Amino acid sequence: MLKQINEQLDTLYHAYALSTGIGIQTHIYLEGQPINFRFEQEDGKYSKLVTTGNFSEWMAWATGDWKKAAPTIKALAKPYGVGWDNENGALYLRFRRNEMSIAQAVLRLQQAVFIVSALGSV
């Protein structure tokens, strides 16, 4: 049973190498496009999880203008400790790995993605 549970849990996320960090496949899809995350080490203390370009494209289409929607996006993401990069149309979570595990960070960013991606035209 333990082996089966571990195999099932391994299908939730998958890490892979990127030239700009580590990719995390989330199995979230919007209109058939995967919404994955990029993990980056900023320095010895901080790490950052960022949504990738597919999420930016979704937000541009769904909101009509993410820059106008920025105050609403920020308000929706704030309870999860997630920020909004208004230039790139990306959600991000900056954290200290000794204060938050990568798993916790992924779950927080994923929750914010679910909420923010449901935002319609503004």
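Cut-offs and rules
- Residues numbered from 1 in each chain as written.
- Predicted model: local features only at pLDDT ≥ 70, side-chain atom pairs only at ≥ 80, totals over all residues.
- Heavy atoms only, no water.
- Pairing = 2+ DSSP bridges.
- Helix = DSSP H or I, 4+ residues; strand = E, 2+ residues; numbered from the N terminus.
- Phe/Tyr/Trp six-rings, centres within 6.5 Å; stacked < 30°, edge-to-face > 60°.
- Buried < 20%, exposed > 50% of the residue type's maximum accessible area, 1.4 Å probe, protein only.
- Polar contact = N/O pair within 3.5 Å; in protein donor to acceptor, adjacent residues only side chain to side chain.
- Contact = heavy atoms within 4.5 Å.
- Axes fitted to C-alpha atoms, helices over the stretch in contact; angles between N-to-C directions.
- pLDDT = per-residue confidence, 0-100.
- Expected span 1.5 Å × (residues − 1).
- Arc of directions from axis to C-beta.

This part covers the pairing of strand β2 (residues 21–25). The pairing of strand β1 (residues 14–18) with β2 spans five bridges and is classified as antiparallel. Directly across from Leu-18, in β2, lies its bridge partner Gly-21. Linkage of β1 to β2, two consecutive antiparallel strands, is achieved through a turn of two residues. As judged from the three bridges shared by β2 and strand β5 (residues 37–41), these two strands associate in the antiparallel manner.

Moving on, we come to the packing of aromatic side chains. In this structure the tally under the stated criterion is two aromatic pairs. For the pair Trp-58 and Trp-61, a centre-to-centre distance of 5.1 Å together with 45° between the ring planes defines the contact as tilted. In this pair, Trp-58 and Trp-61 are both assigned in helix α2 (residues 53–63), three residues apart and thus about one turn of the helix distant. For Trp-61, a relative accessible area of 60% gives the class exposed.

The next point concerns the side chain of Ser-56. Looking at the secondary structure, you find Ser-56 in helix α2. At 2.8 Å, the side chain of Ser-56 forms a polar contact with the backbone oxygen of Asn-88. Excluding anything up to four places from it in sequence, Ser-56 contacts Trp-66, Asn-88, Gly-89 and Ala-90.

As a further point, take the sheet that holds strand β6 (residues 46–51). Taking strand neighbours across the sheet as the criterion, the six strands line up as β1-β2-β5-β6-β8-β7 in an open arrangement whose pairing is antiparallel. With partners counted over all chains shown, the strands left at the sheet margins are β1 and β7 (83–85), one partner each. Strand-to-strand twist across the sheet, computed as the mean angle between neighbouring axes with direction ignored, equals 30°. Pairing between β7 and strand β8 (residues 90–96): three bridges, direction antiparallel.

On to the confidence of the model for the protein chain. On average, the protein chain scores 93 in pLDDT, and the residues at 70 or more come to 100%. Ranking the helices and strands of the protein chain by mean pLDDT puts β7 first, with 98, and helix α1 (residues 2–10) last, with 84.

A word on helix α4 (residues 102–117). With 16 residues, α4 extends 22 Å between its outermost C-alpha atoms, agreeing within 8% with the 22 Å of an ideal straight helix rising 1.5 Å per residue. Of all the residues in α4, the buried ones are Ala-105, Val-106, Leu-109, Gln-110, Ala-112, Val-113, Val-116 and Ser-117. Within α4, the buried residues cover an arc of 165° as seen down the axis, which keeps them to one side.

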